[in-house]
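# Secondary and tertiary structure notes
The lines below spell out each chain.
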Amino acid sequence: MPFSYHSIVELARIPLNDDDKTRYPDTVLLSFANQGMLQILKRRPDLFIGSFNNLPDGERALDDAFPLPPIYLQTVADYVTARAEMSDDEHVNSGRAALFMQLFGSEVHP
């Protein structure tokens, strides 16, 4: 079974301590995942060679297949975690948000 955007959301929930889905609705985390994919497309379009009919458009659903190799699943989940952390109290989580954004950036830059 291929990975999906739901896989990204579930991976992001682990460091967010949101197993019961009370702090972050799926729709919010999915939105962050879609934005993360657009960031990857902007920085690394080479990852999508041969997949021009399935480019990220910011409108993917939870059940849609993840279009990149599985090694990028955690990279996008780190972006989702960072964005979610940024939406929390900025003084409490600013360090954590920056850490997850750095993880994302280090994985995406060629």
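Residues numbered from 1 in each chain as written. Predicted model: local features only at pLDDT ≥ 70, side-chain atom pairs only at ≥ 80, totals over all residues. Heavy atoms only, no water.

### Thoughts on the pattern of salt bridges
This model, assessed by the stated rule, comprises 7 salt bridges. A salt bridge links Arg13 to Glu10; the shortest N-O distance between them is 3.7 Å. Here Glu10 and Arg13 lie together in helix α1 (residues 5-16), a separation of 3 residues that amounts to about one turn. Note on Glu10: relative accessible area 29%, which makes it partly exposed. (Salt bridge = Lys/Arg side-chain N within 4 Å of Asp/Glu carboxyl O. Helix = DSSP H or I, 4+ residues; strand = E, 2+ residues; numbered from the N terminus. Buried < 20%, exposed > 50% of the residue type's maximum accessible area, 1.4 Å probe, protein only.)

### Some points on the packing of aromatic side chains
Enumeration according to the criterion identifies 1 aromatic pair in this entry. Pairing Tyr5 with Phe66 gives two aromatic rings, centres 6.4 Å apart and planes at 70°, and the pair type is edge-to-face. You can see Tyr5 sitting in helix α1 and its partner Phe66 sitting in the loop between α2 (26-43) and α3 (73-87), a full 61 residues away along the chain. Owing to a relative accessible area of 0%, Tyr5 belongs among the buried residues under this scheme. (Phe/Tyr/Trp six-rings, centres within 6.5 Å; stacked < 30°, edge-to-face > 60°.)

### What to know about the environment of Gly95
With respect to the secondary-structure elements, Gly95 resides in helix α4 (residues 90-108). The exposure class of Gly95 is partly exposed, given its relative accessible area of 49%. When the C-alpha atoms of Gly95 and Ala82 are compared, they prove to be 9.8 Å apart, with 13 residues separating the residues in sequence.

### Let's talk about α3
Over its 15 residues, α3 runs 22 Å from end to end, which matches the ideal 21 Å to within 8%, given 1.5 Å per residue. In terms of burial, α3 is largely enclosed, as 11 of its 15 residues are buried. Every buried residue of α3 is accounted for by Leu73, Thr75, Val76, Ala77, Asp78, Tyr79, Val80, Thr81, Ala82, Ala84 and Glu85. (Expected span 1.5 Å × (residues − 1).)

### Remarks on the confidence of the model for the chain
Mean pLDDT over the chain works out to 87, with 89% of the residues at or above the 70 mark. Mean pLDDT in the chain bottoms out at α4, which sits at 68, and peaks at α1, which reaches 96. (pLDDT = per-residue confidence, 0-100.)

### Focus: unusual backbone geometry
Outside of glycine, negative phi angles account for most residues, and trans bonds account for most peptide bonds. Of note, the phi angle at Asn17 is positive, near 50°, even though the residue is not glycine. Here Asn17 lies in the loop between α1 and α2. In this structure Asn17 comes out as exposed when scored by relative accessible area, which is 62%. Residue Lys21 is not a glycine yet carries a positive backbone phi of 60°. Using a relative accessible area of 37% as the deciding quantity, one classes Lys21 as partly exposed.

### Here we look at the nonpolar core
Ile8, Leu29, Met37, Ile40, Phe66 and Leu68 are the most contacted members of the largest nonpolar core, which has 26 residues in total. Residue assignment for this core shows that the elements contributing at least two residues are α1, α2, α3 and α4. What Leu29 contacts, discounting residues up to four positions off in sequence, is Val9, Arg13, Leu16, Tyr24, Val80 and Ala84. (Core = buried A, V, L, I, M, F, W, Y, C linked by side-chain atoms within 4.5 Å. Contact = heavy atoms within 4.5 Å.)

### Some details on the environment of Asn34
Checked against the element boundaries, Asn34 lands in helix α2. Non-local contacts of Asn34, meaning those with residues more than four positions away in its chain, are made with Tyr5, Gly58, Glu59 and Arg60. At 3.1 Å, the side chain of Asn34 forms a polar contact with the backbone nitrogen of Arg60. (Polar contact = N/O pair within 3.5 Å; in protein donor to acceptor, adjacent residues only side chain to side chain.)

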